[in-house]
Structure formats: C-alpha cells, structure tokens
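Residue strings, one per chain:
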Amino acid sequence: MVGNTVDLDNPTPEQRAQAISDLRAKLSAEENDYCSDLDIWRFSVARQLDADKSAAMFKEWYLWRKSSGIDDLPVAQATNQYPVPYPIRGYSSVADANLTAGVMVKEYQLKVNKYFGGGCWHKRDKDGHPVYIERIGRYQIKDIPRKCSMGELFEYHYLMQEFLSRTVFPECTQLAGRDVSQQVVIFDLAGISIGMLSHIPALNMLREMLAKDQLYYPECMFKTYVVNAPSMFVTAWKLIRGWLDPRVISKIHILGKDHSEELLKQIPAHSLPSFLGGSCRCSHMAGGCVPSIPMNNYPDLPRKAYVNLRHQVQVSYAEPRHSYTCDVAPVDSDQRSPWGSPLSSPQTLQSYATWFGFKKDSPRLTPDPTDMPHVRTRYMYLRFMADRGRGMVVEVLWKPFGAATAAGIYAQDEEVLIYPETLVDPQRAPVLLELKVPNRAGQLVCNWRIANFDEGQAPFPGPEEAQIPIVLEYSIDSEDDLLEEFQLQPIKRE
C-alpha cells in the first residue's frame, strides 16, 4: 500500500487494517506481541504506509526501548504512587499537581524544571485531545545547555513522553470513546528575545530533541500553535522547519499576539488559560494554569522545605478524617500569628466530624470573601504529604472573630469556604496549597479525608494494606514567613 492513495488523517477501516497487516507481516513474533495496532499505525503513517520503511523505523524504536530501559521508567499512573513529571490540570488518573521536591523526584528533574519556562498538560480540546502548554519565551536558554546535560534532558523528556502515552492518552481515549493518541501543543513565545532565538548550543539541543521525537514518538501531535511569535521568529523558523518532517510542518500554526480567536476554535474557553484568551485560571493551584519558576508566579520550594513538617498525624480507612484549626492574626498586627495545635475536645471534633457531608449552600458557609473589593486579603501556604494511600480530599475554611464580626462584615460564627473540596495526591509528592484569606483576625480550619472509592482512579487497597495507617505531615505558614525562611523572592501573580 502506498500513502499517496490514502488520506492518512481519515483512512477507511479497510485501509487502516491493510496497512497494519502489511507492517505486522514484516515483524518478528516478539515485536508483534510488544506493540498495539495503534503503535503499528503510527509508524505506518510516519513512513507514508511504506511497509519496508515503516518496519525499519519500528525495529529501531523497539531496540531503543529495550536497550534504554524505557519500559522501566517511573511513570505516574493511577495504579502506582510515582510523582507526576510535570504540572498537570484537569485529569482523574492523577490529581492536579505541580512538580514538587518529593523523595521520588530526582535532582535533575528539579534542575531542568528550574530553567524551563513553565509548562503544563492543561485539560482537553473540543475533540478530546490533551492540551500541552509550554512557555518557551520564559526559558532560561543560556542556562539550559550550560547547566543541564543532554542525557538529563533526554531522560526527562522521555519520562514526559511516556507519561503522555501511558497515562494521559488512555484517559482521553476512555473519555472520548475512541482512540486518542495525539495532543494539541501551544508554544507561548511571550518574552522571547533575539538572543534566545540565535543561541547556538540551545538550538543544537533542540535539533537533537526533535530528531529523537520524530523517530521514537511519531504521530503524537495533532496540532501545534506557536503564539505571540515576534517578527524575528521568522528567521529561526526557517532553520527549525528544516529539521522537521513535511507532515509535521503542515500541523504547525504560527500566530502573533492576536491568537485567541484561532485557539478558541480548537479549545473551549473553560479549558484555555486566561493569559491565552480563555477563561480558565486554575485558582486552586499555586501558579495558576501554568506555573513558571522563571516568572516566579509560585514558590519554588527546595527539598528541605518538605522535611520535618510541623505536624504529624495518622489517619486510616477506619478513621479517614483529620481536622486542624489555628488562629490567624492580621499581617499588620504587632504580634506573630499564634499557630495553634489541632483542636481535640469532643465538642470541637463533633462540629467538624461531618465537614465533607454538609451542603455547600448551608448557612454555615458564605461566598469567598476574597472576591469582595472592600476586604483586604493575604496569602498563606499549606504544605503536606502522606506516606501512602490513594489520594486525599482537602478543604479549608476561615472563621472570623473579633473586629471582623463587630464591624458587621461577617456574621458571628459563620464559616467562609476558602478552598473547596479538592482531590490531591500527597502520596506521590508533597502538595503546596496557596490560600487567599481575609487579612483579619480569625481561624483557619484545614480538613483532610482519604478519598472515597468513587473519587479518582486509584485502586482501593486490599484488606491487609488497608490496616496500615497513613502518616499525614503538614505545616501552614504565612506567605511572608515562608519566603523569608527559604530566602525566596516575592511572588508575582498573574
């Protein structure tokens, strides 16, 4: 079969089946057992349905995977507790997460992430493809080749590609009810300079990366949008396109600053970050939709920030909840915030025992006060992690007292929902929650519980494993205290 007689993007079932059969006929039994029909189809398309060329490409891919141990990479999936390799939003096989310095996160990952501009798998497009966003314009271009080896970059890149293939694509396939094996990519060039576009060591790294991607991960891109592209990008693009297959080039769209309309044709507004023209802000996550260390839009805490956290408790499947309450003083108060201990009286525990069960329109809860223009706000951070489990649901309330109630801003004893119930995976890596609270005297109430069987996709433990307690460690700090302790610069929120 020859590719010029087939629409490679819309083949008939018979054409697809024939191409798969032609390629499988040229593979060994071991090679055939190793791959799916979807793998076979991707390699067939990459070589225009030429079975001989496709077979040569496939065999090189197979030998590379076996010799490089690609199948043994620690890829985060619902069935394990490996950390996600990069920020993610909007999936259920793993909870929304940033890359934090957990014990299973390698140093080279933290190093590479530090110099990258910020990226994220961010929800799905209108056709069910995952959307991947990378802030290329914020890359620390000169630091990457100087401080990161090609081996480190490739290992990190392959881990991300395997996460896409083994975790993200299968979930998208399940939701769409059809095979989804391609992603939509957005490269945001905002902030890029001519020096970045002409830095030869970085361009050489890019060329090698593109060559490996086209060889080992063919046909994984549905569309790519290069947005906020300045006029000087034209010169660099002439060079880069020479490294790409013509079929790949045909899927790339170069857009300037007026890119929102084009992106919204492919991606719904609620799935597109506001800085790209959509309506999503991911306000429940530190760094929002796309956290960026170079942009300093969230705290990049060192590994030591997650060691010896202030409080340690045990929860279990028999006793799955924990609640912690502390007093908070206004930031302009003369006294430091008196961090309290978990409330332990039977009466207090009883009042919070059904915290996850009461309705969110209950009189006990009021709208988020941080949206009220007359209420001054501040930020606090909750760090926590667990040594095992299938995920936790966390919720944070704020209860005013003193001048806040006297001034008539809040009713006596009312509770304000600061952070709604959210499923997180503290067993994979530490979680850092950014809490926007009123700058008034009050109490923060932090609630955790083990995720229910219908929350997330992680399997429930067996009877023996369910008897083992889960150790939950946590600390809560004001933003000023956290930045001062770890000598970080002020956060620049978008």
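For the structure, check the block above.
Bear in mind that the values here come from a model prediction, so they are computed numbers and not experimental data. For every chain, the first residue of the written sequence is number 1, and numbering continues from 1 along that sequence. It should be noted that, the model being predicted, local features are given only for residues of pLDDT at least 70 and side-chain atom pairs only at 80 or more, the latter also being counted only at that level, while totals for whole chains, interfaces and linings use all residues. Side-chain numbers here rest on the full set of heavy atoms in the structure, without hydrogens or water.

**Student:** Teacher, can you tell me more about the side chain of Lys-251 here?
**Tutor:** By the element assignment, Lys-251 lies in the loop between helix H11 (246-249) and strand E6 (252-254). Summary of the burial criterion: residues with accessible area below 20% of their type's maximum are buried, those above 50% are exposed, and those between are partly exposed, where the area comes from a 1.4 Å probe applied to protein chains only. By relative accessible area, Lys-251 is classed as buried at 11%. For Lys-251, the side chain forms a polar contact with the side chain of Glu-219, separated by 3.4 Å. Those residues in contact with Lys-251 that lie beyond four places of it in its chain are Gln-182, Glu-219, Met-221, Phe-222, Lys-223 and Thr-224. Secondary structure elements follow DSSP: runs of H or I no shorter than four residues count as helices, runs of E no shorter than two count as strands, and numbering proceeds from the N terminus. In the analysis that follows, any N or O atom pair within 3.5 Å is treated as a polar contact, provided that within protein one partner can donate a hydrogen and the other can accept it, and provided that, for residues neighboring in sequence, both atoms belong to side chains. Residues are treated as being in contact if the distance between any of their heavy atoms lies within 4.5 Å.

**Student:** Could you clarify how one ought to interpret the environment of Thr-325 in this entry?
**Tutor:** With respect to the helices and strands, the residue Thr-325 is situated in strand E8 (residues 321-328). On the basis of relative accessible area, Thr-325 is assigned to the buried category, the value being 4%. On a C-alpha basis, the gap between Thr-325 and Asn-447 in space is 8.8 Å, while along the polypeptide they are 122 residues apart.

**Student:** Just checking my understanding: could you explain the sheet that holds strand E15 (residues 470-478) for this structure?
**Tutor:** Backbone-to-backbone hydrogen bonds join strands into a sheet, with any given pair of strands oriented parallel or antiparallel. Two strands qualify as a pair provided DSSP detects at least 2 bridges between them. Overall, antiparallel pairing links the four strands, which are arranged E7-E15-E10-E13 in an open sheet. The sheet is open, and its two borders are formed by strand E7 (311-315) and strand E13 (431-438), each paired with just one other strand. Strand-to-strand twist across the sheet, computed as the mean angle between neighbouring axes with direction ignored, equals 25 degrees. Where strand E10 (residues 377-386) lies against E13, eight bridges are found, and the strand directions are antiparallel. Bridge pairing links Leu-382 to Leu-433 in E13. Interaxial angles span 0 to 180 degrees and are taken between N-to-C directions of axes, which are lines fitted to C-alpha atoms, for helices over the stretch in contact.

**Student:** Would you mind going over the packing of helix H7 (residues 150-176) against helix H9 (residues 200-216) with me for this structure?
**Tutor:** Two packed helices can be described by the angle between their axes and the distance between those axes. At a minimum axis distance of 11 Å, the contact between H7 and H9 shows a crossing angle of 35 degrees. Note that H7 runs across H9; the crossing there is right-handed. Together, Met-150, Leu-153, Phe-154, His-157, Tyr-158 and Gln-161 of H7 and Met-205, Glu-208, Met-209, Lys-212, Asp-213 and Tyr-216 of H9 make up the contact between the two elements. Lys, Arg, Asp and Glu make up the charged group, whereas Ala, Val, Leu, Ile, Met, Phe, Trp, Tyr, Cys and Pro make up the nonpolar group; the residues left over, Gly among them, are polar. Looking at the contact of H7 with H9, its residues break down into seven nonpolar, two polar and three charged. By convention, the crossing between two helices is left-handed when the near helix turns anticlockwise from the far helix through less than a right angle, and right-handed when the turn is clockwise.

**Student:** I tried to follow the pattern of salt bridges on my own but got confused; where do I start?
**Tutor:** Two side chains carrying opposite charge are able to pair once their charged atoms lie near each other. We count a salt bridge whenever a side-chain nitrogen from Lys or Arg sits within 4 Å of a carboxyl oxygen from Asp or Glu. Counted under the stated rule, the structure contains 24 salt bridges. The shortest N-O distance in the salt bridge between Lys-106 and Glu-155 comes to 3.4 Å. Of the two residues, Lys-106 is situated in the loop between strand E1 (88-89) and helix H5 (107-115) and Glu-155 in helix H7; the sequence distance between them amounts to 49 residues. Classification of Lys-106 by relative accessible area gives partly exposed; the value is 40%. A salt bridge links Arg-493 to Glu-434; the nearest nitrogen and oxygen atoms lie 3.1 Å apart.

**Student:** Is there a simple way to explain H7 in this structure?
**Tutor:** Given 3.6 residues per turn, any residue in an α-helix points the same way as the ones three and four places further on. By definition here, a helix of n residues has an expected span of 1.5 Å times n minus one. Here H7 is 27 residues long and its end C-alpha atoms lie 36 Å apart, about the 39 Å a rise of 1.5 Å per residue gives. Considering bend angle alone, the principal kink of H7 is centred on Leu-164 and spans about 35 degrees. Gly-177 occupies a position one or two residues after H7 and carries a positive phi of about 75 degrees. The angle between axes fitted to the seven-residue stretch ending at a residue and the seven-residue stretch beginning at it gives the bend at that residue.

**Student:** So what exactly am I meant to see when it comes to the sheet that holds E6 here?
**Tutor:** If you walk across this open sheet you meet the six strands as E1-E2-E3-E4-E5-E6, and the pairing is mixed. On the outer flanks of this sheet lie E1 and E6, each paired with one strand and no other. Sheet topology places strand E2 (residues 119-124) next to strand E3 (residues 130-134); four bridges connect them, and they run antiparallel. Considered in E3, the bridge of Gly-119 is made with Glu-134. On top of the sheet, H7 reaches E1, E2, E3 and strand E4 (183-188); it is set at about 15 degrees to E2, its chief contact.

**Student:** Any chance you could explain the environment of Asp-39 here in plain terms?
**Tutor:** Relative to the helices and strands, Asp-39 is located in helix H3 (residues 37-46). The spatial distance from the C-alpha of Asp-39 to the C-alpha of Ile-20 is 9.3 Å, given a sequence separation of 19 residues.

**Student:** Can you help me understand the side chain of Asp-213 in this one?
**Tutor:** By the element assignment, Asp-213 lies in helix H9. When sequence neighbours within four positions are dropped, the list of residues in contact with Asp-213 reads His-157, Gln-161 and Pro-218.

**Student:** How do you make sense of the packing of aromatic side chains when you look at a structure like this?
**Tutor:** Given two aromatic rings, their pairing is described by the distance between the two centres and the angle made by the two planes. The criterion for an aromatic pair is that two Phe, Tyr or Trp rings (for Trp, the six-membered ring) have centres within 6.5 Å, with stacked assigned to planes under 30 degrees apart, edge-to-face to planes over 60 apart and tilted to the rest. For the coordinates displayed, the defined rule picks out 21 aromatic pairs. Seen from their ring centres, Tyr-34 and Tyr-62 are 5.1 Å apart, and the 80 degrees between their planes marks the pair as edge-to-face. Pair noted here: Tyr-34 is in helix H2 (residues 29-34) and Tyr-62 is in helix H4 (residues 51-68), with a separation of 28 residues, a long-range link. We classify Tyr-34 as partly exposed; its relative accessible area is 24%. Residue classification places Tyr-62 among the buried residues on the basis of a relative accessible area of 5%. Here the aromatic rings of Phe-384 and Trp-448 are separated by 5.7 Å at their centres, their planes lie at 75 degrees, and the arrangement is edge-to-face. Residue Phe-384 is located in strand E10, and its partner Trp-448 is located in strand E14 (residues 442-450); the two are separated by 64 residues in the primary sequence. Among the aromatic residues, ring-to-ring pairing joins Tyr-86, Tyr-108, Trp-121, Tyr-132, Tyr-156 and Phe-163 into one connected group.

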